[in-house]
Amino acid sequence: MRHWVILDETRGVVVDGERIGVEAQGMGMIDEIYRGYVGNYMKYFKMDSLCKVGFVASELLLAKESGSRDVEQRKCYGTAERAIVLFNESGSLYTDTRYQATISDEENYFPSPALFVYTLANIVTGEIAIRNKYYGETNFLVLPEKNSQAMAVQVSALFADKETQSAIVGWVECDAEEHFEVRMALVGRDDNIENDIKTLIEWKN
Amino acid sequence: MEELIQTLKQQIIEVLNLEGMKPEDIDNDAPLFNEGLGLDSIDALELIVLMEKKYGIKLQDPKAAKDVFQSVRVMAEYIEQHRSK
């Protein structure tokens, strides 16, 4: 495991074992990290909560890898050698229910296009790939719970493609506005994938 | 008309989540798409919803919508002429 990030509303923000100080809580914490460590990406404010937490975690992870906030200065910017595979339990259910609320009242029927585009969990992987111009495999899978073995099977399958040299992997969950958990890591072809994922999902501060 | 333009700018900022932008940052005559505010196709759909929700105007012809969304002033003029609420 090259680098890793944990974001959750109770544990806060941890990058490679080092805690990042944040004052806000809940999604305010994610906005605070965006303003302090990312910035200058207006699309962020249009994202749903699942995308925001996944996107911000990936920015911390990739900035750590390259030592730069500048996306074009990052290692692997614009490459087909990097894949992304993420997992969670609820898919995009939180946004699905928010979208449903815009179409459930016949007297007030105004379906929101901006919400509708986020009613797929794999939009998170797409947002990260677009930002970094990754052309490798991307995938978002739903599991009943965190399971390092099941996750490792999927991640290892990415490396069956000889072009794939590294991957952003992990658990990205947001099942309510103030309830999120991200455990994200950067792994390489030669890493012990199952062990790395086990360490990532079992890490406790 | 000026009051409607200001209201419309505020509504656009809110519905499109244009973080950090204020009504005075939007030029009445600047293009909303491409080189103007840089809005995208999803934003265009949100503006269509805004027109219906706030002003009772249904824009069903994409060509017409493109013409209406030329600028905030053009939008406001169209709303003045066609609004049902």
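Residues numbered from 1 in each chain as written. Chains lettered and ligands numbered in written order. Predicted model: local features only at pLDDT ≥ 70, side-chain atom pairs only at ≥ 80, totals over all residues. Heavy atoms only, no water.

## Points about unusual backbone geometry
Residue and element names in this part refer to chain A.
Here's step 1: A positive phi angle is found at C76, which is not glycine, with a value near 70°.
Here's step 2: When you line up the elements, C76 lands in the loop between α2 (49-66) and β4 (82-88).
Here's step 3: Its identity is not glycine, yet K133 carries a phi of approximately 55°, on the positive side. (Helix = DSSP H or I, 4+ residues; strand = E, 2+ residues; numbered from the N terminus.)

## Some words on the pairing of strand β7 (residues 179-188) of chain A
Residue and element names in this part refer to chain A.
Here's step 1: Most of β7 sits inside the fold, with nine of its ten residues counted as buried.
Here's step 2: With six bridges joining them, strand β1 (residues 3-8) and β7 adopt antiparallel strand pairing. Bridged to V5 within β7 is M184.
Here's step 3: With ten bridges connecting them, strand β6 (residues 166-176) and β7 associate as antiparallel partners. Bridging across to β7, V172 finds its partner in V182. (Buried < 20%, exposed > 50% of the residue type's maximum accessible area, 1.4 Å probe, protein only. Pairing = 2+ DSSP bridges.)

## Topic: the interface of chain B and chain A
Here's step 1: In this complex, chain B contributes twelve residues to the contact, which on the side of chain A involves eleven residues.
Here's step 2: A buried area of about 1,000 Å², summed over both sides, lies between chain B and chain A, and 66% of it is on carbon and sulfur atoms.
Here's step 3: When the buried area of chain B at its contact with chain A is split by residue, E19, I42 and E46 of chain B rank highest and sum to 43% of it.
Here's step 4: At the junction of chain B and chain A, the tally comes to two salt bridges. (Contact = heavy atoms within 4.5 Å. Buried area = accessible area lost by both parts, 1.4 Å probe. Salt bridge = Lys/Arg side-chain N within 4 Å of Asp/Glu carboxyl O.)

## So, the nonpolar core
Here's step 1: Core analysis: the biggest nonpolar cluster contains 40 residues, and L7, V56, L60, I168 and M184 of chain A have the highest contact counts within it.
Here's step 2: Those elements that provide at least two residues to this core are β1, β2 (12-15), α1 (27-38), α2, β4, α5 (123-132), β6 and β7 of chain A.
Here's step 3: The element best represented in this core is α2 of chain A, accounting for nine residues.
Here's step 4: Every residue in contact with I168 of chain A, bar those within four places of it in the chain, is listed here: L61, L62, R82, A83, I84, V85, L86, I128, Y134, M184, A185 and L186 of chain A.
Here's step 5: L16, L59, F69 and I79 of chain B belong to the second-largest nonpolar core, a separate cluster that totals 25 residues. (Core = buried A, V, L, I, M, F, W, Y, C linked by side-chain atoms within 4.5 Å.)

## Remarks on α1 of chain A
All names here are of chain A.
Here's step 1: In a regular helix each residue adds 1.5 Å, so twelve residues correspond to 16 Å; α1 covers 15 Å between its end C-alpha atoms and thus fits that length.
Here's step 2: Those residues of α1 lying buried are M27, M29, I30, D31, I33, Y34 and V38.
Here's step 3: Residues of α1 that are buried sit in contact with β1, β2, α2, α5 and β7.
Here's step 4: G39 lies just past α1 and shows a positive phi near 70°. (Expected span 1.5 Å × (residues − 1).)

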